[in-house]
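Commentary on secondary and tertiary structure
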Amino acid sequence: MIILTAAALGISAGQTRSAAAIALIAALIGMTFAVAAITSPGPVSILAFAYAVLGYNAGLMLFVLGLYANTRLRRATRVSH
């Protein structure tokens, strides 16, 4: 579930097309885990943090690949006869 949520964040951040928004969300993921580690009475899983970072990056990559595929499909349909 962490990976899916992070991927959704990555896709949403990519849709803003703002480098500041992409960097801010990445920083907020790290800060959230830092606050959870500080305030949690038990141990915090570093593996969950790694999954969140990988999911976020995967979401961004999926968005970029979607843009690329969309461009390729539009060029293929614009062929004039």
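See the structure shown above.
Described below are features of the structure shown in this document. (Residues numbered from 1 in each chain as written. Predicted model: local features only at pLDDT ≥ 70, side-chain atom pairs only at ≥ 80, totals over all residues. Heavy atoms only, no water.)

Considering the overall build of the chain
Helices and strands together make up the secondary structure of the chain, namely 3 helices and 0 strands. Starting at the N terminus and walking to the C terminus, you meet the elements of the chain as α-α-α. In terms of C-alpha radius of gyration, the chain reaches 17 Å, well past the compact-globule figure of 12 Å for 81 residues. When its C-alpha atoms are laid out on the principal axes, the chain stretches across 70 × 25 × 10 Å. Put simply, the chain has 81 residues, and 16% of those count as buried. Contacts spanning at least 24 positions in sequence make up 66% of the contacts within the chain whose residues lie at least 6 apart. Carbon and sulfur atoms make up 72% of the accessible area of the chain, which totals about 6000 Å². (Helix = DSSP H or I, 4+ residues; strand = E, 2+ residues; numbered from the N terminus. Rg over C-alpha atoms; globule rule 2.2 N^0.38 Å. Buried < 20%, exposed > 50% of the residue type's maximum accessible area, 1.4 Å probe, protein only. Contact = heavy atoms within 4.5 Å. Areas by Shrake-Rupley, 256 points an atom, 1.4 Å probe, with all protein chains shown as cover.)

Let's talk about the nonpolar core
Formed by Ala6, Ala13, Ile29, Ala52, Tyr56 and Leu60, the largest nonpolar core amounts to 6 residues. Breaking this core down by element, the ones donating at least two residues are helix H1 (2–16) and helix H3 (46–77). No other element matches H3, which puts 3 residues into this core. Excluding residues that lie within four positions of it along the chain, Leu60 makes contacts with Gly10, Ile11, Gly14 and Ile22. (Core = buried A, V, L, I, M, F, W, Y, C linked by side-chain atoms within 4.5 Å.)

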